[in-house]
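As a plain string of letters, each chain reads:
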Amino acid sequence: MTRVMIVDDDPATIDVGTRVLSGSGYTVESIGSLTGAHDKAKAFRPDVVLLDVMLGDGLGYEFARKLRRDPLLHKVCILFVSSVGTRPEVDFAVKQGGDAYLVKPITKQALLEKVAQMSELAQSTAKPDPLTGLSSLGALKREIDFRLFRSEAFAMCLVDVVGLGGVATEEAAALKATILRRIAGAFGGMLKSAGFYETTLSHFG
């Protein structure tokens, strides 16, 4: 069940959002300020954060950046909410770690549609590739953002496996799957034997 955390200083927004989302099967927690929001998020471990931009004790952008730097919470999906919906504002929100943006006043349908999209994104990011067991492209993006928001150096390497294009038979498809799993296992073993433990292996599909 998807966990949604609402961070908004408007009690009416929290009340309506909680009722709408809870009624649609989401587990919801809320807080009316940035103060204490990080601790609450660490305890609740949300999949999606519905985050107001303008709060009484600061900007939601501060909290978004803090989430992206947190080793436990950096994969959370962030849905910004604001009464300002100009293109520069939306673009800036994305640069602060946001995944999507909703402009107030928000209809029930718009809220449910956006949260459903964020829920799907969270699930796809967390789910490993069914063929290789490696992390998804979405998970890799989260790891890159995590390093960037922490101003940490990192290196990337792309390996393009050629010759495994379209397959015509079930036997060929099974062989392709076996080859990809073995390649994934070989790379994982190689990195560990070389002493590289803080790595993310992803299969782009």
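See the structure above.
The structure reproduced in this document is the subject of the present report. Just so it is clear, the structure is predicted and the values come from calculations on it, not from any experiment. (Residues numbered from 1 in each chain as written. Predicted model: local features only at pLDDT ≥ 70, side-chain atom pairs only at ≥ 80, totals over all residues. Heavy atoms only, no water.)

Things to note about the overall build of the protein chain
Helices and strands together make up the secondary structure of the protein chain, namely 7 helices and 7 strands. The C-alpha extent of the protein chain, read off along each of the three principal axes, is 60 × 40 × 35 Å. A total of 205 residues make up the protein chain; the buried ones form 37% of that total. When the accessible surface of the protein chain is summed, it comes to about 11,800 Å², and 58% of that surface belongs to carbon and sulfur atoms. Charge separation in the protein chain, taken as the distance between the mean sites of 24 positive and 24 negative side-chain charges, equals 4 Å. (Helix = DSSP H or I, 4+ residues; strand = E, 2+ residues; numbered from the N terminus. Buried < 20%, exposed > 50% of the residue type's maximum accessible area, 1.4 Å probe, protein only. Areas by Shrake-Rupley, 256 points an atom, 1.4 Å probe, with all protein chains shown as cover. Lys, Arg positive; Asp, Glu negative; His and termini not counted. Charge placed at Lys NZ, Arg CZ, Asp CG, Glu CD.)

A few points about helix H3 (residues 60–69)
Burial in H3 covers these residues: Gly60, Tyr61, Phe63, Ala64, Leu67 and Arg68. Viewed end-on, H3 has its buried residues packed into an arc of 160°, placing them on one side of the element. (Arc of directions from axis to C-beta.)

Topic: the layout of surface pockets
Reported here for the largest pocket is a volume of approximately 1,300 Å³. Taken together, 34 residues line the largest pocket, and the ones lying closest to its centre are Cys157, Leu158, Thr200, Leu201 and Ser202. Of all the secondary-structure elements, those providing two or more residues to the lining of the largest pocket are helix H6 (137–149) and helix H7 (170–193). Top element by residues in the lining of the largest pocket is H7. It accounts for 7 residues. The class makeup of the residues in the lining of the largest pocket is 22 nonpolar, 6 polar and 6 charged. Taken as a whole, the second largest pocket encloses approximately 340 Å³ of empty space. Asp47, Lys75, Val76, Ala122 and Ala126 are, among the 19 residues lining the second largest pocket, the residues nearest its centre. (1 Å grid on protein atoms, 1.4 Å probe; cavity = no way out; pocket = protein on both sides within 12 Å on 5 of 7 lines; lining within 4 Å. Points joined across faces, edges and corners; volume = space filled by probe spheres on them. Nonpolar A, V, L, I, M, F, W, Y, C, P; charged D, E, K, R; others polar.)

A word on the packing of aromatic side chains
By the definition in use, this model includes 2 aromatic pairs. Aromatic pair Tyr61 and Phe80: ring centres 5.2 Å apart, planes at 65°, arrangement edge-to-face. Of this pair, Tyr61 sits in helix H3 while Phe80 sits in strand S6 (residues 77–82); the two residues are 19 residues apart in sequence, bridging distant segments of the chain. Residue Tyr61 is classed as buried on the basis of its relative accessible area, which comes to 5%. Taking the centre distance of 4.9 Å and the plane angle of 80° together, the rings of Tyr61 and Phe92 count as edge-to-face. Here Tyr61 is found in helix H3, whereas its partner Phe92 is found in helix H4 (residues 87–95), with 31 residues between them in sequence. Among the aromatic residues, those joined into a cluster by ring pairs are Tyr61, Phe80 and Phe92. (Phe/Tyr/Trp six-rings, centres within 6.5 Å; stacked < 30°, edge-to-face > 60°.)

Description of a nonpolar patch on the surface
Judged by side-chain polarity, Leu137, Leu158 and Phe204 come together as a nonpolar surface patch covering roughly 340 Å² of accessible area. When you line up the elements, Leu137 lands in helix H6. (Patch = residues over 30% accessible without salt bridge, like charges linked within 9 Å, V, L, I, M, F, W, Y side chains within 5 Å. Salt bridge = Lys/Arg side-chain N within 4 Å of Asp/Glu carboxyl O.)

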